[in-house]
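# What the coordinates show
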Amino acid sequence: MPGKTLGNALLLILTLLIACTWAFPIYWAIVTSIKPEQDVVNKTTLFPDVFNFSAYYYALFETKLSTWYLNSIVTSVTVTVVVILISVMCAYALSQIVFPGRKLLYGIILASFMVPSQALVISQFVLMHTLNLINSWGGIILPQLIVPVVVIVYKQFFDSVPKELREAAKLDGCGEFQILFKLYLPLNWGITTALAIITYIMAWNAFLWPFLVTNSDDMMTITVGITQTRDAFGVKYARDMAVAILAAMPVAVAYLLFQKRVTQALMLSSGIKG
């Protein structure tokens, strides 16, 4: 028993050390953002001598932060809703409906994991330019709508639903859309919520594609906009940290509120849980 107690104490200490190591960069960013700029450059202290919130005033009132927030919210919400809607219908068709080429289509979806998204950037940019969608919400949103892992997770769930359930609904006169949205989908609201949260976070954090497809401050998302806060006097560390913290805050709050669902979504997407 004493050995077990000692082991638990050592495990607790190790966990606390790991947690402190993980949290220290966040603490450092917050401390840096509330220091005067000269203190950031000239003093290395773990606690500010003077609390200065001018960096946050700059971020909120002298940048287009509200516009960048709006663009990120619109694009992230749209991507999440459309991805879930497309994926659930695609997965239901692959799982429950027999049609020519079904196995081939599913094989293509699985094979898409072998193609990194960066390899598609040039072709996507050319396509968006051809469609005159550069520097628009449509140009930001459309290339992010294909998320194969969501289709696969939904298909795994639909495969586990007894076939008799669908057959009984068909006998009652239900169409395929009624069966999907009134019968199958309500059975997996937990999975849908988890996938929606992780899709939203991924869309919010997206940087490379929004950076390439936008060229004006008014269309930038928050991840791209925070790169535009530097001025002619060089890097302002307090300002950069303040803007970065404000940019990350919505995702951080969402994670704290729905961390169980986020963890579930990560387990689903990594194949730990079917």
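Conventions adopted
- Residues numbered from 1 in each chain as written.
- Predicted model: local features only at pLDDT ≥ 70, side-chain atom pairs only at ≥ 80, totals over all residues.
- Heavy atoms only, no water.
- pLDDT = per-residue confidence, 0-100.
- Helix = DSSP H or I, 4+ residues; strand = E, 2+ residues; numbered from the N terminus.
- Core = buried A, V, L, I, M, F, W, Y, C linked by side-chain atoms within 4.5 Å.
- Buried < 20%, exposed > 50% of the residue type's maximum accessible area, 1.4 Å probe, protein only.
- UniProt positions renumbered as here; feature names shortened; annotations may be inferred.
- Salt bridge = Lys/Arg side-chain N within 4 Å of Asp/Glu carboxyl O.
- Polar contact = N/O pair within 3.5 Å; in protein donor to acceptor, adjacent residues only side chain to side chain.
- Contact = heavy atoms within 4.5 Å.
- Axes fitted to C-alpha atoms, helices over the stretch in contact; angles between N-to-C directions.
- Parallel < 35°, antiparallel > 145°, perpendicular 65-115°, else oblique.
- Nonpolar A, V, L, I, M, F, W, Y, C, P; charged D, E, K, R; others polar.

## Details of the confidence of the model for the protein chain
Residue-level pLDDT values for the protein chain average 83, and 91% of them are 70 or greater. The weakest mean pLDDT in the protein chain belongs to helix α15 (residues 259-269) at 63; the strongest belongs to helix α7 (residues 137-141) at 92.

## A few points about the nonpolar core
Ranked by size, the top nonpolar core spans 27 residues in total, and within it Val-150, Tyr-154, Phe-158, Tyr-184 and Leu-195 carry the most contacts. Counting residues per element, the ones that place at least two in this core are α4 (65-96), α8 (148-160), α10 (176-184) and α11 (189-205).

## Concerning the UniProt feature "transmembrane region" (unreviewed entry) in the protein chain
As recorded in UniProt, the feature "transmembrane region" (unreviewed entry) lies at residues 9-30, 68-92, 104-127, 133-154, 187-212 and 241-258. Helix and strand shares over residues 9-30 are 100% and 0% respectively, and the end C-alpha atoms of the span are 31 Å apart. Annotated as residues 187-212, this span is 85% helix and 0% strand, and its ends, taken at the C-alpha atoms, are 40 Å apart.

## Observations regarding the pattern of salt bridges
Per the stated rule, a full pass over the model turns up four salt bridges. The partner of Asp-218 in a salt bridge is Lys-64, with the nearest N and O atoms 2.9 Å apart. Of this pair, Asp-218 sits in the loop between α12 (208-213) and α13 (222-225) while Lys-64 sits in the loop between α3 (54-61) and α4, and the two are 154 residues apart along the sequence. The exposure class of Asp-218 is partly exposed, given its relative accessible area of 44%. In this structure, Lys-155 engages Asp-159 in a salt bridge whose closest nitrogen and oxygen atoms are separated by 2.9 Å. Of this pair, Lys-155 and Asp-159 both sit in helix α8, separated by four residues, roughly a single helical turn. Overall, the relative accessible area of 12% leaves Lys-155 in the buried class. One salt-bridge network, held together by shared partners, links Arg-166, Lys-170 and Glu-176.

## A word on the side chain of Gln-144
Position of Gln-144 relative to the elements: it lies in the loop between α7 and α8. According to the relative accessible area criterion, Gln-144 is buried, its value standing at 16%. A polar side-chain atom of Gln-144 sits 2.9 Å from the main-chain carbonyl oxygen of Ile-140. Each residue touching Gln-144, except ones within four places of it in the same chain, is listed here: Val-79, Val-83, Ala-203, Ala-206 and Pro-210.

## Considerations on the packing of α11 against helix α14 (residues 237-257)
Where α11 contacts α14, the two axes come as close as 10 Å, and the packing angle between them is 170 degrees. One element, α11, and the other, α14, form an angle in the roughly antiparallel class. Contacts from Ile-201, Trp-204 and Asn-205 of α11 reach α14 at Ala-247, Pro-250 and Val-251. Of the residues assigned to the contact of α11 with α14, the class counts are five nonpolar, one polar and no charged.

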